[in-house]
Amino acid sequence: MVLYIFAVLLGVFGLVAMIGISVPGGLIFMAAAALISPVVMQKISDLTGRGWISPVAAVLAALLIGPIVTAITAPSAEEVALREERRAEAEEEKRQIAEARAEQQRAEERERAKRKAEADAKKAEEKRKKDCSDTVMAFVMSQNFVKRALKAPSTAKFPYAHDGDVAIQKTGECKFRVHGYVDAQNSFGAMIRTPYSIDMEYFPDSKKWGGSNLSM
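Residues numbered from 1 in each chain as written. Predicted model: local features only at pLDDT ≥ 70, side-chain atom pairs only at ≥ 80, totals over all residues. Heavy atoms only, no water.

Would you mind showing me how to read the sheet that holds strand β2 (residues 175–185) here?
Read across the sheet, four strands follow the order β1-β2-β3-β4 without closing on themselves; strand pairing throughout is antiparallel. Two strands in the sheet have a free side with no partner beyond their single neighbour: β1 (167–172) and β4 (208–215). Here the average twist between neighbouring strands, direction ignored, is 35°. In terms of strand pairing, β2 meets strand β3 (residues 191–203) through 11 bridges, oriented antiparallel. (Pairing = 2+ DSSP bridges. Helix = DSSP H or I, 4+ residues; strand = E, 2+ residues; numbered from the N terminus. Axes fitted to C-alpha atoms, helices over the stretch in contact; angles between N-to-C directions.)

As structure tokens, then:
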């Protein structure tokens, strides 16, 4: 059990030496760890008939050959400093690349947002132009203002927008002049036809209609 513990410790030391100091030196220490393990010792003893070969070789490797090789192959202080400098440069390069990619992603997101805003603005402008040219809607909305002037608005009946006696003129930006008629009961309950004209205006920001200069 003691030999196993020593073998493990020596193997760990060899691994650390390989990673941080010297690969050849670390390999020798790991070889010493293998030689001192009971399994290997037993096999070497069976093959050679000399049980002392394995532990002696392990001691020589761990106490003499390993330290010498490690000392010879270990990097100098200048090499260590250069290695650290290169590592720092590599880390800085990675950081710069990550920042560049992040900035590129932000730029792409800003560009997408810009294109979307432009598309939305274009769509809104197209809708505004369409709404400001909708003569049928101007006629339909004019009916609300006409009903307010009737004695019995619930009895009002209007023609279709394309009726021959209906005329809708565009008088300006989002402005219309509507000529039409309405059939509705008067104060005596009789259905009469009343021609009317009214100026209509559409307000795109509030999406509401206004009427003025009603004549009937």
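When you look at unusual backbone geometry in this model, what are you seeing that I'm missing?
The phi angle of most residues is negative, glycine excepted, and most peptide bonds adopt the trans form. Backbone geometry at C174 places phi at a positive 65°, although glycine is not the residue there. Within the element layout of this structure, C174 appears in the loop between β1 and β2. For N213, which is not glycine, the phi dihedral falls at a positive 55°. Mapped onto the elements of the fold, N213 is located in strand β4.

Any chance you could explain the pairing of β3 here in plain terms?
If a strand is regular, its side chains alternate between the two faces of the sheet. In this structure, the hairpin formed by β2 and β3 is closed by a connection of five residues, where G189 is found at a positive phi of approximately 90°. When β3 meets β4, the two strands line up antiparallel, connected through six bridges. Within β4, the residue paired with Y202 across the bridge is W209. Turn length for the β3-β4 hairpin, with the two strands adjacent in sequence and antiparallel, is four residues, and the turn residue K207 shows positive phi of about 60°.

Just checking my understanding: could you explain the pairing of β2 for this structure?
Most of β2 sits out of view: eight of its 11 residues are buried. Alignment of β1 against β2, held across five bridges, turns out to be antiparallel. Its bridge partner being in β2, Q169 is matched across the sheet by R177. Counting the residues that bridge the hairpin from β1 to β2 gives two residues, and of these C174 lies at a positive phi of roughly 65°. (Buried < 20%, exposed > 50% of the residue type's maximum accessible area, 1.4 Å probe, protein only.)

Would you mind going over the nonpolar core with me for this structure?
Counting residues in hydrophobic clusters, the biggest one holds 20 residues, and the most contacted among them are V178, V182, Y196 and M200. Sorting the residues of this core by element identifies α6 (135–148), β2 and β3 as the ones contributing at least two each. Apart from the residues lying within four places of it in its own chain, the contact partners of M200 are A138, M141, S142, F145, C174, K175, F176, V178, W209, G210 and G211. (Core = buried A, V, L, I, M, F, W, Y, C linked by side-chain atoms within 4.5 Å. Contact = heavy atoms within 4.5 Å.)

In this structure, what is going on with the state of the cysteines? I would like to understand it.
Here, disulfide denotes a covalent bond that connects the sulfur atoms of two cysteines. This structure, assessed with the given rule, holds one disulfide. Between C132 and C174 runs a disulfide, and the two sulfur atoms are separated by 1.7 Å. Disulfide C132-C174: the torsion about the S-S bond is 70°, which places it as right-handed. Of the two residues, C132 sits in the loop between α5 (77–131) and α6 while C174 sits in the loop between β1 and β2, which places them 42 residues apart along the sequence. Accessibility assignment for this pair places C132 and C174 in one class, buried. (Disulfide = S-S within 2.5 Å.)

I tried to follow the pattern of salt bridges on my own but got confused; where do I start?
It is possible for side chains bearing opposite charge to pair when their charged atoms get close. Summed over all chains, the structure comprises 12 salt bridges. Of the charged contacts in the structure, one is a salt bridge between R95 and E92, with a shortest N-O distance of 2.3 Å. Taken together, the residues span about one helical turn, with R95 and E92 both in helix α5 at a distance of three residues. Note on R95: relative accessible area 39%, which makes it partly exposed. Judged by relative accessible area, which is 32%, E92 ranks as partly exposed. Close ionic contact of R95 with E99 constitutes a salt bridge, the shortest N to O distance being 2.4 Å. Remark: E99 and R95 occur in helix α5; sequence separation between them is four residues, near one turn of the helix. Residue class for E99 comes out partly exposed when judged on its relative accessible area of 43%. (Salt bridge = Lys/Arg side-chain N within 4 Å of Asp/Glu carboxyl O.)

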